[in-house]
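# Fold and geometry: a report
Okay, here's what each chain looks like letter by letter:
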Amino acid sequence: MMIDVALLGTGGTLPLPGRFLSSLLIRHSGVMTLIDCGEGTQVSLRELGWGIKDIGTILITHFHADHISGLPGLLLTIGNSGRTANEPLTMVGPRGLQRVVEHLRVIAPHLPYQIIFREMTGRGDEQLELNHGLRLKVQMGDHDIACLAYRFELDRAPQFQPERAKALEIPLQFWKSLQRGEPVIVGEKTFQPEQVLGPPRVGLSMAFVTDTRPTEKLAQFIEDVDLFICEASYGDPEDRVKAIENKHMTFGEAAMLASAGRAKQLWLTHFSPALPFPDRYRKEAAVIFPTVVLGEKHLNTTLKFIDA
Ligand SMILES: [Zn+2]
Ligand SMILES: [Zn+2]
């Protein structure tokens, strides 16, 4: 079990030659989840080459054009990639999602598949299983309109311990069920999975937070994630005034948030178009979070379970 992650772009506000708008693709057990779809996202998706038809879910953080204006075109492309009526697409986003998407679909009215809408309040208690045990959690950020932060979690089952099953004289054909966490009845005895499973094991987690000020709630929301992908609109610490005004973050603020949440890795994205060379400001983040990585097109990684 693993999660592949790829950045499709790193731009905020508008796409630039050589810089697609900020967007993320996640792949788990063959199903893909796309977060945000600005102008040009489908071009970057095609370049990446992971396919387009197998996008199971599209998450939208908020209804600013740089995060959603590419949607009608992508929905049409998914329709043209051989997707059928039995393969519905789930869309997740803030309240009002269905209304916004239906308006955008004036220019893409005919799709061969159905869209299932899941509107989230961002109160912090909502969760949704995306596919094959990949769990989504949602938290409201602090932007000038409702904007959702997303966290993904994958649990890891405890290890099956055959020597304990043998010692208990549980016949082989019952092992699978116990491994899956189901109790079994053998003759007159009932065996619980805990009798043959090891201690709980740490799973995988990652978070995508964009277009927001750093908040205490977000620091809690991203706690201990293996990978934290965060907006960092402004490089120069002096632009903090602009960041506060426009409800974004500086490199330093993104690094502080990552560090407050004890994230294990940090990627920055959503650079302002006024920032042609984000690398020049890397040290603003690195003094706080030394291993920070500046996002770039198609930067990708695979999160895997680590054996303790
Ligand atoms: Zn934006
Ligand atoms: Zn925005």
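By convention here, each chain's residues receive numbers from 1 onward along its written sequence. All chains are assigned letters beginning with A, and all ligands numbers beginning with 1, in the order in which they are written. With the structure being a predicted model, the display of local features is reserved for residues of pLDDT at least 70 and the display and counting of side-chain atom pairs for 80 or more, all residues being used for whole-chain, interface and lining totals. Side-chain metrics rest on all non-hydrogen atoms present in the structure, leaving aside hydrogens and water.

## Digging into the pairing of strand β3 (residues 31–35)
Where burial is concerned, most of β3 is hidden: four out of the five residues are buried. Any two strands with at least two DSSP-identified bridges between them are counted as paired. For helices the rule is a DSSP run of H or I covering at least 4 residues; for strands it is a run of E covering at least 2, with both sets numbered from the N terminus onward. In this sheet, β3 lies alongside strand β2 (residues 23–28) in antiparallel orientation, the contact comprising five bridges. Residue H28 lies in a different strand from β3, and its bridge partner there is V31. The turn joining β2 and β3, which pair antiparallel and follow one another in sequence, is formed by two residues; a positive phi near 50° is taken by S29. As paired strands, β3 and strand β4 (residues 55–59) are joined by four bridges and run parallel to one another. Three exposure classes are used, based on accessible area relative to the maximum for each residue type with a 1.4 Å probe and protein chains only: buried under 20%, partly exposed in between, and exposed over 50%.

## Digging into the coordination of the zinc ion (ligand 2)
Counted as donors are N, O and S atoms no farther than 2.8 Å from the metal, or 3.2 Å for Na, K and Ca; water is not among the atoms, and sites may therefore look incomplete. Around the zinc ion (ligand 2), the donor atoms from the protein are H62 (NE2), H64 (ND1), H143 (NE2) and D211 (OD), and they sit 2.2 Å away. Every geometry call rests on angle ranges, with four donors termed tetrahedral when all angles are between 85 and 135 degrees, four termed square planar and six termed octahedral when opposite donors are over 155 degrees apart and all others are between 65 and 115, and everything else termed irregular. Given four donor atoms and angles of 86 to 168° at the metal, the environment of the zinc ion (ligand 2) is assigned as irregular. Read from N- to C-terminus, the donor residues coordinating the zinc ion (ligand 2) fall into the pattern H-x1-H-x78-H-x67-D. The two metals, the zinc ion (ligand 2) and the zinc ion (ligand 1), are separated by 3.6 Å and share D211 as a common coordinating residue. With H64 in the loop between β4 and α2 (65–68) and H143 in the loop between β8 (134–140) and β9 (148–156), the pair connects residues that are 79 residues apart, well separated along the chain. When its relative accessible area of 23% is taken as the criterion, H64 is described as partly exposed.

## Let's talk about the coordination of the zinc ion (ligand 1)
Protein coordination at the zinc ion (ligand 1): the donors are D66 (OD), H67 (NE2), D211 (OD) and H270 (NE2), at 2.1 to 2.3 Å from the metal. Around the zinc ion (ligand 1) sit four donor atoms, and with donor-metal-donor angles ranging over 88 to 158° the site reads as irregular. Every donor residue of the zinc ion (ligand 1) comes from the same chain, spaced as D-H-x143-D-x58-H.

## A look at the sheet that holds strand β6 (residues 115–120)
Read from one edge to the other, the open sheet built from seven strands follows the order β6-β5-β4-β3-β2-β1-β16, with strand pairing classed as mixed. One side of each edge strand has no neighbouring strand; the edge strands of this open sheet are β6 and β16 (300–304). Sheet twist, expressed as the mean angle between neighbouring strand axes with direction ignored, is 20°. Any two residues whose heavy atoms approach within 4.5 Å are treated as being in contact. The convention used is that axes are lines fitted to C-alpha atoms, helices contributing only their stretch in contact, and that angles between N-to-C directions extend from 0 to 180 degrees. Across the face of the sheet, helix α1 (residues 41–48) comes into contact with β1 (2–9), β2, β3 and β4 while running at roughly 130° to β1. Across the face of the sheet, helix α3 (residues 71–79) comes into contact with β3, β4, β5 (89–94) and β6 while running at roughly 170° to β4.

## Digging into a nonpolar patch on the surface
For patch building, the residue pool is restricted to those with more than 30% relative accessible area and no salt bridge; the joining distance is 9 Å between like charges and 5 Å between nonpolar side chains (Val, Leu, Ile, Met, Phe, Trp, Tyr). Method for areas: the Shrake-Rupley scheme with a 1.4 Å probe, in which residue coverage is limited to the protein chains shown. Salt bridges are defined as contacts in which a side-chain nitrogen from Lys or Arg sits within 4 Å of a carboxyl oxygen from Asp or Glu. Residues M256, V287 and I288 make up a contiguous nonpolar surface patch of roughly 290 Å² in combined accessible area. Inspection of the secondary structure puts V287 in the loop between α10 (282–286) and β15 (293–294). On the basis of relative accessibility, which here comes to 68%, the residue V287 falls in the exposed class.

## As for the packing of aromatic side chains
Two rings belonging to Phe, Tyr or Trp (six-membered ring only in the last case) form a pair when the distance between their centres is within 6.5 Å. Interplanar angles under 30 degrees mark stacking, angles over 60 mark edge-to-face geometry, and anything in between is tilted. In this structure the tally under the stated criterion is three aromatic pairs. Between F160 and W175 the ring centres are 5.4 Å apart and the planes differ by 50°, which places this aromatic pair in the tilted class. A residue pair is termed long-range when its members are at least 10 positions apart, and F160 in the loop between β9 and α5 (162–167) and W175 in helix α6 (residues 175–179) qualify at 15 residues. Relative to Y281, the ring of F251 lies with its centre 6.5 Å away and its plane at 75°, an arrangement referred to as edge-to-face.

## Section: the environment of I55
One can find I55 in strand β4. Considering only alpha carbons, one finds I55 and V31, 24 residues apart in sequence, at a separation of 6.2 Å. Beyond its immediate sequence surroundings of up to four residues, I55 is in contact with M32, L34, L45, L74, I78, R83 and L89.

## Considerations on the packing of α1 against α3
For the pair α1 and α3, interaxial distance at closest approach is 9 Å and the crossing angle is 40°. Accordingly, the angle class assigned to the pair α1 and α3 is oblique. Seen from α1, the contacting residues are Q42, L45 and R46; seen from α3, they are G73, L74 and T77. An angle counts as roughly parallel when it lies under 35 degrees, as roughly antiparallel when it exceeds 145, as roughly perpendicular when it falls between 65 and 115, and as oblique in every other case.

## Describing unusual backbone geometry
Although it is not a glycine, S29 adopts a positive phi angle of roughly 50°. As for its placement among the helices and strands, S29 is situated in the loop between β2 and β3. Given a relative accessible area of 39%, S29 falls into the partly exposed group.

Distances and angles like these do not, on their own, reveal function.
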